[in-house]
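# Chains, contacts and geometry: an overview
Spelled out, the chains give:
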Amino acid sequence: MKIENKGKILLVLAGIFLLMFFLNALMPIHRDDYDYSMIWMTMEHLGSLQDVFTSAYRHYFLHGGRMMTVFGLDLFLYLGKLWFDIANALFFTALVVLIYFHACRRASFENGAGLLAVAGVLSWLSFPHFGEVAIWKSGSTVYLWSAVPVLLFLLPYNLSLAGSMKKSSVLLAVGMFLLGIVAGWSVENFAVTAVLVSAGCTFYFFRRGEMKPWMAAGVLGAVLGFLGLLLAPGNFVRYDQQDHGIIRHFSNQLAGNGEMILYLLPAILLALIAWRFLQREVLRGKGISFVAELPRRGWKRFLLPGFTALILVSYFTNSFVARAIHDALLAAVLTPLHYTDAKTLLHWSNLMKGFEEVAVYWLMVFLFYGRVKEKCGLTPLNIRLLKENAKPSEILQRFPAVRYSAAVVLLAFFNNFVMIAAPTFPVRATFGSVALILAAICALLVIPEVQQGMKKTEAGRMLRNGAAVLGIFTFAAASVIMYKVYQADALRVQWAKEAAASGQEVVTFPAYGDDFNRALRHVYYEDYDNNVTKVGFCKYYGLKDVLVDKK
């Protein structure tokens, strides 16, 4: 690799790390973090490595089997927040690199810094409830810190299938065995996927007479780790307290997968553009050209930009659009249906608080997508031409990377479906599946015909500009709100310490003036009237109660 390319790669990696470290540094100890900062189910603060092991042991027998992630969380909470912030930023950077490697199917940076930057931007935009799964300590250790070892564990199997993994040694077998234990002992659905994929690949190579010792060692480690995860006594304690209705489980799947797809919208539209490039390539092979057709210049083309501008003005002023929609639907729908109880109205108000933010984001995505279509000549007539003359079967047959991408997407949805047995399926549990889907979409960008389309056309420039605008918009919003969180929490911690030092058992905080769960969920923070936050906070600082004054 040229020195210039190495410099660009390092610059992208440094940028990802520094941006994540900045947000992690602003994120305070929050909610479950207080419980994990003490020996599990006691009021004794973690004060030694022995306490870390004791806490993880108690958690395993009393609450759940995620030993590896719990140990990592306890360890870094004991070591201190700074070390946790560094480690978490490194884990996210490693995740982007692994998505890149799985997309290229090579453990090298030969496809350049551009694709790595794309993987970074898509990772920032597409993971649902980003603040909860990649910045908040108790959340990131469960999802981010599980995804990294699983993707690392699966990488040698993927490289072997691609023919770019030839090494085999005793050291590699030992390493894969140990890594398999960590991957299998991670989070439930991704652990199942790790076991089945590694076992399937190993059996495939065994049938071909090409199985390497490290393949079987990895499977053995993953199975042992998964058994440790599954058979934890704490799992059975919690299981007896859950609702086991299969209809509810299935509806949870629909809701979780649906929300995941909404967050993946920019990535899906990028994949659609790549698909159009491939369709056009098939047309060229058949000697068929696009029909010259002038884009429509009527007043309708100004609707989307105009509405986007209106929402932007409202978002940065007094949210007059959201308030108007809130009041109109309250009067026309909720009131006639008698959905006017306090809880429903609270949920409705909270939903509308984030309406304009989400609306701006989606409108900007579709605005850039529309401009890219125009620059590519994707008029309705030409799109029909593509559909009629470039069938999906032709694309799949001609481009192996498309077949690989489709297989990874199917694996991602299987990874979600594994959670059908769980009583709940929150969208944060789709973290591993989103990582797989991003690798699949980035794999399309490795195809030379797609790369040429992205680099040498006006469409590629529009896509880069769109990614920059969306990334800057969400990061700027997250940074501003995270700084408010940092200041507000520091003040409340100071009050709590002073109250405890003076012998007070109850402390009253004013309610937060803003809803902090914003910036497209890149910020995650709950007020102290939330029982999870309050109980752990009180135990940690020796208080009996925390009151929130909402006047």
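Residues numbered from 1 in each chain as written. Predicted model: local features only at pLDDT ≥ 70, side-chain atom pairs only at ≥ 80, totals over all residues. Heavy atoms only, no water.

## Things to note about the overall build of the protein
The helix and strand tally for the protein stands at 25 helices and two strands. In summary, the protein has a C-alpha radius of gyration of 25 Å against a globular reference of 24 Å for 551 residues, a match within 12%. By principal-axis analysis of the C-alpha atoms, the protein measures approximately 85 × 65 × 50 Å. Residues classed as buried in the protein amount to 49% of the 551 residues present. (Helix = DSSP H or I, 4+ residues; strand = E, 2+ residues; numbered from the N terminus. Rg over C-alpha atoms; globule rule 2.2 N^0.38 Å. Buried < 20%, exposed > 50% of the residue type's maximum accessible area, 1.4 Å probe, protein only.)

## Re unusual backbone geometry
Backbone geometry places Arg105, a non-glycine residue, at a positive phi of 60°. Within the secondary structure, Arg105 is located in the loop between α5 (81-104) and α6 (112-126). Taking relative accessible area as the criterion, Arg105 reaches 21% and is therefore assigned partly exposed. With a phi close to 50°, His129 is a non-glycine residue in the positive phi region. The class for His129 is buried, based on a relative accessible area of 13%.

## Remarks on the environment of Gly218
Note that Gly218 resides in helix α11 (residues 213-230). When the C-alpha atoms of Gly218 and Leu154 are compared, they prove to be 9.2 Å apart, with 64 residues separating the residues in sequence. Those residues in contact with Gly218 that sit more than four places away from it in its chain are Phe153, Tyr157, Met176, Phe177 and Gly180. (Contact = heavy atoms within 4.5 Å.)

## Digging into the nonpolar core
In this structure, Phe92, Leu95, Phe127, Phe153, Tyr528, Phe537 and Leu543 are the most contacted members of the largest nonpolar core, which totals 163 residues. Top contributing element to this core by residue count: helix α22 (residues 431-446), with 14 residues. (Core = buried A, V, L, I, M, F, W, Y, C linked by side-chain atoms within 4.5 Å.)

## A closer look at the packing of helix α4 (residues 67-79) against α5
At their nearest, the axes of α4 and α5 sit 6 Å apart, and the two run at 135° to each other. Classified by the interaxial angle, the pair formed by α4 and α5 is oblique. On the side of α4, the interface is formed by Leu73, Phe76, Leu77 and Leu79, while α5 contributes Trp83, Phe84 and Ala87. Tallied by class, residues from the contact of α4 with α5 come to seven nonpolar, no polar and no charged. (Axes fitted to C-alpha atoms, helices over the stretch in contact; angles between N-to-C directions. Parallel < 35°, antiparallel > 145°, perpendicular 65-115°, else oblique. Nonpolar A, V, L, I, M, F, W, Y, C, P; charged D, E, K, R; others polar.)

## Some points on the pairing of strand β2 (residues 545-549)
The alternating pattern of β2 places Val546 and Val548 on a buried face, while none of Asp545, Leu547 and Asp549, on the opposite face, is buried. As paired strands, strand β1 (residues 506-510) and β2 are joined by five bridges and run parallel to one another. By the bridge assignment for β2, Pro510 is matched with Asp549. (Pairing = 2+ DSSP bridges.)

## Quick word on the packing of helix α14 (residues 265-285) against helix α18 (residues 355-375)
The interhelical angle for the contact between α14 and α18, taken along N-to-C directions, is 10°, at an axis separation of 10 Å. Looking at the two axes, α14 sits roughly parallel to α18. Every residue of α18 that contacts α14 at Leu265, Pro266, Leu269, Leu272 and Ile273 is listed here: Tyr361, Trp362, Val365, Phe366, Tyr369 and Val372. Tallied by class, the residues present in the contact of α14 with α18 amount to 11 nonpolar, no polar and no charged.

## Observations regarding the pattern of salt bridges
Under the counting rule described, the total for this entry stands at 14 salt bridges. Salt-bridge contacts for Asp85 lead to Lys81; the nearest nitrogen and oxygen are separated by 2.9 Å. Here the residue Asp85 and the residue Lys81 both occupy positions in helix α5, the gap between them amounting to four residues, near one helical turn. A salt bridge links Glu281 to Arg398, with the nearest nitrogen and oxygen atoms 3.9 Å apart. On the criterion of sequence distance, the pair formed by Glu281 in helix α14 and Arg398 in helix α20 (residues 392-398) is long-range, its members being 117 residues apart. Within the structure, one salt-bridge network assembled from shared partners comprises Lys81, Asp85 and Lys137. (Salt bridge = Lys/Arg side-chain N within 4 Å of Asp/Glu carboxyl O.)

## What to know about the side chain of Asp35
With respect to the secondary-structure elements, Asp35 resides in helix α2 (residues 32-36). Among the residues examined, Asp35 registers a relative accessible area of 17% and is labelled buried. Residues contacting Asp35, with those up to four places away along its chain left out, are Trp40, Gly536 and Lys539.

## Some words on the packing of aromatic side chains
Considering all chains together, one arrives at 32 aromatic pairs under this definition. With a centroid separation of 6.1 Å and an interplanar angle of 10°, the aromatic rings of Phe17 and Phe21 are classed as stacked. Residue Phe17 and its partner Phe21 are located together in helix α1 (residues 3-26), separated by four residues, close to a single helical turn. Note on Phe509 and Phe537: the rings are 6.1 Å apart at their centroids and 75° apart in plane angle, and the pair reads as edge-to-face. With Phe509 in strand β1 and Phe537 in helix α25 (residues 531-541), the pair connects residues that are 28 residues apart, well separated along the chain. For the residue pair Phe509 and Phe537, the accessibility class agrees, reading buried in each case. Three or more aromatic residues joined by ring pairs form one cluster here, namely Tyr34, Trp495, Phe509, Tyr528, Phe537, Tyr540 and Tyr541. (Phe/Tyr/Trp six-rings, centres within 6.5 Å; stacked < 30°, edge-to-face > 60°.)

## With respect to the side chain of Asp74
Mapping Asp74 onto the fold places it in helix α4. Although buried, Asp74 forms no salt bridge, and the nearest oppositely charged side chain, Arg58, lies 9.6 Å from it. Within the structure, Asp74 has its side chain in polar contact with the side chain of Ser55 (distance 3.2 Å). If we ignore the near neighbours within four places in the chain, the residues touching Asp74 are Tyr36, Leu46, Val52, Ser55 and Ala56. (Lys, Arg positive; Asp, Glu negative; His and termini not counted. Polar contact = N/O pair within 3.5 Å; in protein donor to acceptor, adjacent residues only side chain to side chain.)

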